[in-house]
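A look at the structure
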Amino acid sequence: MNVGEFLERAGLGKPVRMETLSGGVSSDIWRVELPDRLVCVKRALPRLRVAQVWEAPVERNRYERQWLQIAHRAAPSAAPQVLAWDDEAGLFAMEHLDFPVWKNVLRDGHADAAFAAHVGERLAAIHNFTRSQEVAHAFPTDDIFYAIRLEPYLVATAPRHPDLAETLVALARRTAATRECLVHGDVSPKNILVSAKGPVFLDAECAWYGDPAFDLAFCLNHLFLKCIWVPQARAGFMVCFDALSLAYLSRIPRAPETEERAATLLPGLLLGRIDGKSPVEYLDEGRRLLVRTAARRLLQEPSPTLGRLKEAWQKYST
C-alpha cells in the first residue's frame, strides 16, 4: 500500500504534496501536506541503513505507534498524536510538529539544565504510568529489542574487546531479564523535540517492556558524547547530566537499584557507540579513541552511582 492510498483510506484526505525526509536509518518517513494539515507518515525498514548488516522485524512499527499513544496519555505533550495506522501494511500517520531538535541545540553549545530536567521528569512519568501487566502483555517485543538494541550495542561490541566481552554480555543479559515498565529504547537528543511545553519524544521503534535504567543510561550517554563533540560546552552538559538524573530518580520507585543499573550500563553503551553497529557519526578518529579509552576504564572500574560515574568520566575523558 502506498502512502497516498493509506491516508485516503484512513479518511485524512488526499495528499497535496509529499516529501521524503532524510536522516533516518531504520524507517522511511514522509512529510505530507494534506488539504487541512501537515502529517508525518512512517514505515519501518527490514534492514537498517548502516555499514554493518543490521536487520530488525518490521512489526516494530506497530509497537512504536502504541508507545506514542500510551506516552500521549501519560503526558499529553510528550509525544505526537497518532492520527491513523495500518499495522498490516506497517504504516502510521502522526501530527507534524515543527520544533527544534535537541541534538541540534546541544550541537550549538546550548546547555539548558531546566530542559534536561523536563526530559527526566517526562521519562519518569511515562515509566511510572506503564508499570502494569496489561502494558507488559501488549509489548511482547523482547526479540525486537534484542535485535536493535542489545545485540548491536553490547553483544556486537564484545568481540572487539575480548577482555571486556564477559562484562558486555552480562550487561545485555541483565537488561533483558529486568522487566518493570515500558521502555522507549532510543531516548537520544536526535529523537527529542524542544517545544515550549517541554520535550517531545519521537522514534519509539525499540519500544519494550523492560528495564527503565536503559532509557536513563541511553540518554545520559549522549550527554557524555556531546562533551567530546562540543568541548566548550562540557561544563554545561554535565550540569544537564545532573539535572536530568535528579529529576528522573526523584520520581521513580526503587531509585537506588535503577541508578546502579544505569551507572553500570552506561559505559557499555558508550563503548557500543564507538565499536558497535551504530557508531557515532560526528566524532573523528582521535575523539573516538578518547571515548573508547574512557569507556574501557569506566567498564573496568564500575561506579554504583551516576554521580561517581560522572566524576570518573571527567577524569578519563580529558
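These notes cover the structure that comes with them. From a predicted model like this one, the values you see are computed outputs, not experimental measurements. All residue numbers here refer to positions counted from 1 along the written sequence of the relevant chain. Since the coordinates come from a predicted model, pLDDT governs what is reported: local features require at least 70, and pairs of side-chain atoms require 80 or more to be given and counted, while whole-chain, interface and lining totals use all residues. As a convention, hydrogens and water are excluded, and side-chain values are obtained from all of the structure's heavy atoms.

**Concerning the pattern of salt bridges**
When the charged atoms of two side chains with opposite charge come close together, those side chains can pair. For the record, the criterion: Each salt bridge in this description consists of a side-chain nitrogen of Lys or Arg and a carboxyl oxygen of Asp or Glu lying within 4 Å of one another. Each helix corresponds to a stretch of at least 4 residues labelled H or I by DSSP, and each strand to a stretch of at least 2 residues labelled E; elements are numbered beginning at the N terminus. Accessibility here uses a 1.4 Å probe with only protein chains present; expressed as a share of the type maximum, an area under 20% marks a residue as buried, one over 50% as exposed, and anything in between as partly exposed.
Counted according to the given criterion, the structure contains 29 salt bridges. A salt bridge links Lys 103 to Glu 281; its shortest N-O distance comes to 2.5 Å. Residue Lys 103 is found in helix 3 (residues 102-107), and its partner Glu 281 is found in the loop between helix 10 (255-275) and helix 11 (285-300); the two are separated by 178 residues along the sequence. Accessibility expressed as a relative area gives 17% for Lys 103, which makes it buried. Note that Glu 180 and Arg 261 form a salt bridge whose closest N and O atoms lie 3.6 Å from each other. Remark: Arg 261 occurs in helix 10 and Glu 180 occurs in the loop between helix 7 (165-177) and strand 6 (181-183); sequence separation between them is 81 residues.

**Considering the environment of Asn 104**
Checked against the element boundaries, Asn 104 lands in helix 3. On the accessibility criterion, Asn 104 (33% relative accessible area) is partly exposed. Separated by 90 residues in the primary sequence, Asn 104 and Val 194 have C-alpha atoms spaced 10.0 Å apart.

**A look at the state of the cysteines**
To keep things clear, this is the line we draw: Any two cysteine sulfur atoms lying within 2.5 Å of each other are counted as a disulfide.
In the structure shown here, the tally under the stated rule is zero disulfides. For Cys 40, which is in no disulfide, the shortest distance to another cysteine sulfur is to Cys 206 and amounts to 18 Å.

**Notes on the sheet that holds strand 3 (residues 38-44)**
Rules: Pairing between two strands is assigned when DSSP locates at least 2 bridges connecting them. Whenever a helix is involved, its axis is fitted only over the stretch in contact; in every case the axis is a line through C-alpha atoms, and angles between N-to-C directions fall within 0 to 180 degrees.
Spatially, the five strands line up as an open sheet ordered 1-2-3-5-4, and their pairing is antiparallel. Looking at strand neighbours, the two that pair on one side only are strand 1 (17-20) and strand 4 (82-86), the edges of this open sheet. Geometrically, the sheet is characterised by an average inter-axis angle of 20° between neighbouring strands, direction not taken into account. With seven bridges joining them, strand 2 (residues 27-33) and strand 3 adopt antiparallel strand pairing. Bridged to Ile 29 within strand 3 is Lys 42.

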